[in-house]
Amino acid sequence: MSPGLRKLARTVHISASVGWLGAVLTYLALAIAALTSPAASTGRALHPAMELLVWAVILPLSLASLVTGLISSLGTSWGLLRHYWVLFKLVLNVGASAVLWLYTQSIDYSAAIATKTTLTDADVLVLRNPTHVVHASGAVLVLLAATVLAVYKPRGVTPYGYRSRRAAAAAE
């Protein structure tokens, strides 16, 4: 990959990853407001907004982060399987994206309940459930861990990385 293309891929990856973290923090703020607001109408209004945020922003950014991360790792000397920090970032990204995709059902369900004209006691319990806050908080921690790995790049070469280094050194 040319240096210009590498920089472009890295820029898009960083932008998508930081955007994903920011969108999840926004979702967390909305979830906290929906959970703690004394006015039921506020919570009812926020759940559809949270659903829109997930489908229009969070999911596309998670996919963009994953794809651009793969492109960046495969197009640079870091490689996808050479360094533990890259491998851990991949696992964190795939895991967070998978949980997010599975969690969309819960988000859609809450938004559908919030748009009902009348709510039963069970509906109110669903809307007052702290699950959105818990999941968003966990997502923030996972995304921050990936950010720390990207910034500090802890040492540690995988066995594959060690073998590829030895093979490259022997070829010289």
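Residues numbered from 1 in each chain as written. Predicted model: local features only at pLDDT ≥ 70, side-chain atom pairs only at ≥ 80, totals over all residues. Heavy atoms only, no water.

A.B. asks: Quick rundown of helix α5 (residues 131–152)? Include the residues and the values.
C.D. replies: Here α5 contains 22 residues, and its C-alpha end-to-end distance of 32 Å stays within 8% of the 32 Å for a straight helix at 1.5 Å per residue. All buried positions along α5 are accounted for by His132, Val133, Ala136, Val140, Leu143, Ala146 and Leu149. The inward-facing, buried residues of α5 abut α1 (3–36), α2 (40–74) and α3 (84–114). Among the residues trailing α5, Lys153 stands out with phi positive, at a value near 40 degrees. (Helix = DSSP H or I, 4+ residues; strand = E, 2+ residues; numbered from the N terminus. Expected span 1.5 Å × (residues − 1). Buried < 20%, exposed > 50% of the residue type's maximum accessible area, 1.4 Å probe, protein only. Contact = heavy atoms within 4.5 Å.)

A.B. asks: Outline a positive patch on the surface, supporting the account with residue identities and numerical values.
C.D. replies: A cluster of like positive charges, contributed by Arg6, Lys7, Arg10 and Lys153, occupies part of the molecular surface. In this fold, Arg6 is placed in helix α1. Relative accessible area serves as the criterion here: at 32%, Arg6 is assigned to the partly exposed category. (Patch = residues over 30% accessible without salt bridge, like charges linked within 9 Å, V, L, I, M, F, W, Y side chains within 5 Å. Areas by Shrake-Rupley, 256 points an atom, 1.4 Å probe, with all protein chains shown as cover. Salt bridge = Lys/Arg side-chain N within 4 Å of Asp/Glu carboxyl O. Lys, Arg positive; Asp, Glu negative; His and termini not counted. Charge placed at Lys NZ, Arg CZ, Asp CG, Glu CD.)

A.B. asks: Quick rundown of the packing of α1 against α5? Include the residues and the values.
C.D. replies: Look at α1 against α5: their axes get within 9 Å of each other, and the N-to-C directions meet at 155 degrees. With respect to α5, the axis of α1 lies roughly antiparallel. At the point where α1 passes α5, the crossing takes the left-handed sense. Together, Trp20, Leu21, Val24, Leu25, Tyr27, Leu28, Ala31, Ile32 and Leu35 of α1 and His132, Val133, Ala136, Ser137, Ala139, Val140, Leu143 and Leu144 of α5 make up the contact between the two elements. (Axes fitted to C-alpha atoms, helices over the stretch in contact; angles between N-to-C directions. Parallel < 35°, antiparallel > 145°, perpendicular 65-115°, else oblique. Left-handed = near helix turned anticlockwise from the far one by under 90°.)

A.B. asks: Account for α3, naming residues and giving values.
C.D. replies: Under the 1.5 Å per step criterion, the end-to-end length of α3 is 43 Å for 31 residues, consistent within 8% with the ideal 45 Å. The sharpest bend along α3 reaches about 35 degrees and sits at Tyr103. (Bend = angle between axes of the 7 residues up to and from the residue.)

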